[in-house]
Amino acid sequence: MARIDIPAGSAPCEIAPVAANGTLRRIVEFDRVSKTYLPGTRKEFTAIRDVTFHVEDKPDVGEFIGMLGPSGCGKSTVLRLIAGLAPHFPATSGTVLVDGVPAEGPGPDRGFVFQDYANFPNRTVLDNVAFGLECAHVPQKERLERAWEWLGKVGLNAKNDAYKFPYQLSGGMNQRVAIARTLILGPRIILMDEPFGALDPGTRQNMQDLLVALWKELEATVFFVTHDVGEAVFLADRLYIFSPSPGSIVQQMAITPPDRKSVEMQAVPAFQQSVREVRHLLDQAGRVSPTAPTPA
Amino acid sequence: MADLDSKTPGAARRRGWLGNWWQRVGTLRDVPTQLEGMLLSLACIVGVLVIWWIITVGDGDHRLVDAYTLPSPAATFASFPLLWERGLSLGALTSLSRVFGGFLMAAAIGVPLGLISGSYLRVGAFFKPVSIFGRNVPIAALIPLTLIWFGTADVQKVMFIFLAAVAFIHFDSSSAARAVPDRFLETAYTLGARRNWTKGLRLCVIIALAYSMVASLGWSLLQEHVRLAADVKSAGFWLRALLGFALGIGLWFPLLSHQVLRKVVVPMAMPDVVNSLRLLFGLAFGYIMLAEVINPKHGLGALIITSQRQGPREHIYLCLLIIALLAWGIDRFILMIQRQAFPYLKYGQD
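Predicted model only: the values in this text are computed from it and were never measured. (Residues numbered from 1 in each chain as written. Chains lettered and ligands numbered in written order. Predicted model: local features only at pLDDT ≥ 70, side-chain atom pairs only at ≥ 80, totals over all residues. Heavy atoms only, no water.)

Asker: So, the pairing of strand β5 (residues 93–98) of chain A: which residues are in play, and what are the values?
Answerer: Residues and elements named next belong to chain A. Pairing between strand β2 (residues 26–37) and β5: five bridges, direction antiparallel. Bridged to E29 within β5 is L97. Pairing of β5 with strand β6 (residues 101–102), which is carried by two bridges, proceeds in the antiparallel orientation. If you follow L97 over to β6, its bridge partner there is P102. Connecting β5 to the next strand, β6, in antiparallel fashion are two residues, including D99 with a positive phi near 55°. (Pairing = 2+ DSSP bridges. Helix = DSSP H or I, 4+ residues; strand = E, 2+ residues; numbered from the N terminus.)

The structure is reproduced here in structure tokens:
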């Protein structure tokens, strides 16, 4: 475990080791989880090896977990194992527990936000947001009202955009629709796989602020995969740093959650210092993988 | 051609509008204006007519091509009223309804089966040999077989279209379902889409009733020597009704009983399916001529074959022209519907 000391007083971002505390219920638990594709063939590939961690279900809060690591280190595999999405699911070995029971196939209790939004092109914005409620047989009037409400919550102008099709929206607006569509169902766990990876920097910062604002009232546990160290440090309560393939978690650290807007945060020296430290750790993790020698 | 490559800025100004236009003709993917496009198409038509006129002008031995082989354009178009009197509209209508009948049957089976094959891949693997066979057998070779199986009346022509089209429709629908990206299925799953037997069954029964009607009533109406009133009392009628119902359930229940298919895969595959149906209908309309030259009774194919045997030969050319125009008109009509039905597609596919 790493300990990074930042001068106290002016520090909005404090990085400290996590103390394991087994008293709370564990919402997600990985115990020595490995995933190997095409085992026994020449194309055999191990995506993650012996990933072990657990996330406690803090009452009324939830935790925001940022996952950082080099490309192809298996961050997405971890996310998809929690979501129950094939072909990553099920794991080759080890146990994945969600809320104390072995993870099952995908369900609405675990929301997933993809990088490319995946908004249904044949549905209007409103019908996209209402999709989950439609599947759960919520009457049309009620589900459309709730969808309308959520459009406002994610910062869309419902009057303007509700009846547009996804192709008529910008990337940032599309991602807002995708987020509303997931959050409307009130999932306990939200899995986000580089959700802002395709957005331009300005939009990206707006989306980060939106996510912080929404998350405060959500009380859900969020797993957030990103390549952007600044984004991870800004959003996360806790960071998992992965080693290169086959991935495993080499560092866990707690981070003070953000107290101001993303664009202001970038200018705070202590924040910049934290980003530098995490980047350094990431670099170290990339060079020395403790579980396996880096494959050629 | 050398000046096409010239990059001197002054060159364009000196060339004049014709020169500029010629340069744009030589520019890759330079889009003509709508008027320009229409004028160019018109030029092609005029060109063909002029060539046609040149090789058929004059009389007797002075013509380049004799009147027996190729009538002049004037003579051809002048014979139109006579063709109309020979029952052109009835012929066109007959041909169209035969294609529609066979094609609708092929779509009613090929589309749902294709969507199932593209979604439940083991079902797809099972039907693969039939699909490959159906798409690779020469269509014309089906004519003798359909004559043996279905006689020479309307049923044979309809069934010929059905057999010719169904494998292609199945294949294209299967590809369309398969082409829906995994991402959308995964999204649907994580939003709670799941199997839903009861809702699926209700929708299914309605569709199956339609299948049952076609199999019982529709089939009776196709037969030439069967009277409906008598047929309703036969056991065969009710057996067909039952089989039709079972077929409808079997084809649609797998699709409608799963929310991911009903709400995501099927609607998202539909634009591709309709597009493929539009293109295949054009082909089927061509194939009906093959069936209609045998035992020619009504239909555009019949008109052509009797014109060849008894004249006037001008009518062959007129019929060909009308068939092409009709097929093109139907194609545009379906394209228009496509644009209405799928407003979220930025552009219709040609």
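Asker: Provide a residue-level description of empty space enclosed by the protein, including the pertinent values.
Answerer: As enumerated under the stated definition, the model contains two cavities of 30 Å³ or more in all. Each pocket or cavity is described by its volume, and for the largest cavity that value is around 60 Å³. If you trace the largest cavity, you find it lined by I161(B), A164(B), A165(B), F168(B), L280(B), L283(B), A284(B) and Y287(B). Breaking the lining of the largest cavity down by element, the ones donating at least two residues are α8 (154–178) and α13 (259–292) of chain B. The residue makeup of the lining of the largest cavity, split by class, is eight nonpolar, no polar and no charged. The volume enclosed by the second largest cavity comes to roughly 30 Å³. If you go around the second largest cavity, the residues you meet are L183(A), I190(A), M192(A), L211(A), W215(A), L218(A) and V222(A). With three residues, the single largest contributor to the lining of the second largest cavity is helix α7 (residues 201–218) of chain A. Tallied by class, residues from the lining of the second largest cavity come to seven nonpolar, no polar and no charged. (1 Å grid on protein atoms, 1.4 Å probe; cavity = no way out; pocket = protein on both sides within 12 Å on 5 of 7 lines; lining within 4 Å. Points joined across faces, edges and corners; volume = space filled by probe spheres on them. Nonpolar A, V, L, I, M, F, W, Y, C, P; charged D, E, K, R; others polar.)

Asker: Explain the interface of chain B and chain A residue by residue, including any values.
Answerer: Counting residues at the interface gives 20 residues for chain B, matched by 26 residues for chain A. When the buried surface of chain B facing chain A is broken down by residue, T190(B), L191(B) and Y344(B) rank first, second and third, together holding 33% of it. Applying the counting rule to chain B against chain A returns three salt bridges. With a shortest N-O distance of 2.7 Å, E134(A) and K263(B) are connected by a salt bridge. Where chain B packs against chain A, one counts four residue pairs in polar contact (both at pLDDT 80 or more). Top element by residues in the side of chain B that touches chain A is helix α9 (residues 182–190) of chain B. It accounts for seven residues. Per-class residue counts for the side of chain B that touches chain A are ten nonpolar, five polar and five charged. (Contact = heavy atoms within 4.5 Å. Buried area = accessible area lost by both parts, 1.4 Å probe. Salt bridge = Lys/Arg side-chain N within 4 Å of Asp/Glu carboxyl O. Polar contact = N/O pair within 3.5 Å; in protein donor to acceptor, adjacent residues only side chain to side chain.)

Asker: Give me the lowdown on the sheet that holds strand β3 (residues 45–56) of chain A, citing residues and values where you can.
Answerer: Residue and element names in this part refer to chain A. An order of β3-β2-β5-β6 is seen for the four strands of this open sheet, with the pairing classed as antiparallel. Of all strands in the sheet, those bounded by a partner on one side alone are β3 and β6. Against the sheet, helix α1 (residues 75–83) makes contact with β2, β3 and β5, and its axis sits at roughly 120° relative to β2, the strand it touches most. (Axes fitted to C-alpha atoms, helices over the stretch in contact; angles between N-to-C directions.)

Asker: How would you summarise the layout of surface pockets if you had to cite specific residues and measurements?
Answerer: All names here are of chain B. Empty space within the largest pocket amounts to approximately 720 Å³. Lining the largest pocket are 24 residues, with M105, I109, V214, A215 and W219 positioned closest to its centre. For the lining of the largest pocket, the leading source of residues is helix α5 (residues 88–119), giving eight residues. Among the residues forming the lining of the largest pocket, the class breakdown is 16 nonpolar, five polar and three charged. The space that makes up the second largest pocket amounts to roughly 580 Å³. Surrounding the second largest pocket, 22 residues form its lining, S119, D182, L185, E186 and Y189 being those nearest its centre. Breaking the lining of the second largest pocket down by element, the ones donating at least two residues are α5, α8, α9 and α13. Among the elements that line the lining of the second largest pocket, the one with the most residues is α9, at four residues.

Asker: Tell me about the side chain of N119(A), residues and numbers included.
Answerer: Structurally, N119(A) can be placed in the loop between β7 (110–113) and α2 (125–129). Within the structure, N119(A) has its side chain in polar contact with the side chain of N174(A) (distance 2.8 Å). Non-local contacts of N119(A), meaning those with residues more than four positions away in its chain, are made with N128(A), P166(A), N174(A), V177(A), A178(A), R181(A) and F184(B).

Asker: If you had to explain the packing of helix α6 (residues 171–183) of chain A against α7(A) to someone new, which residues and values would you point to?
Answerer: Residues and elements named next belong to chain A. Look at α6 against α7: their axes get within 11 Å of each other, and the N-to-C directions meet at 15°. What the angle tells us is that α6 and α7 run roughly parallel. Here α6 runs over α7; the crossing is right-handed. Here G172, Q175, R176, I179 and L183 of α6 lie close against α7, whose contacting residues are T203, N206, M207, L210, L214 and L218. Here the residues of the contact of α6 with α7 are counted per class, giving six nonpolar, four polar and one charged. (Parallel < 35°, antiparallel > 145°, perpendicular 65-115°, else oblique. Left-handed = near helix turned anticlockwise from the far one by under 90°.)

Asker: Provide a residue-level description of the packing of α5(B) against helix α6 (residues 121–136) of chain B, including the pertinent values.
Answerer: Residue and element names in this part refer to chain B. Interhelical geometry of α5 versus α6 gives an angle of 120° and a closest axis separation of 5 Å. Overall, the two elements α5 and α6 adopt an arrangement that is oblique. In this structure, α5 uses L113, I116, S117, G118 and S119 to contact α6, whose residues at the interface are L121, V123, G124 and F127. Here the residues of the contact of α5 with α6 are counted per class, giving five nonpolar, four polar and no charged.

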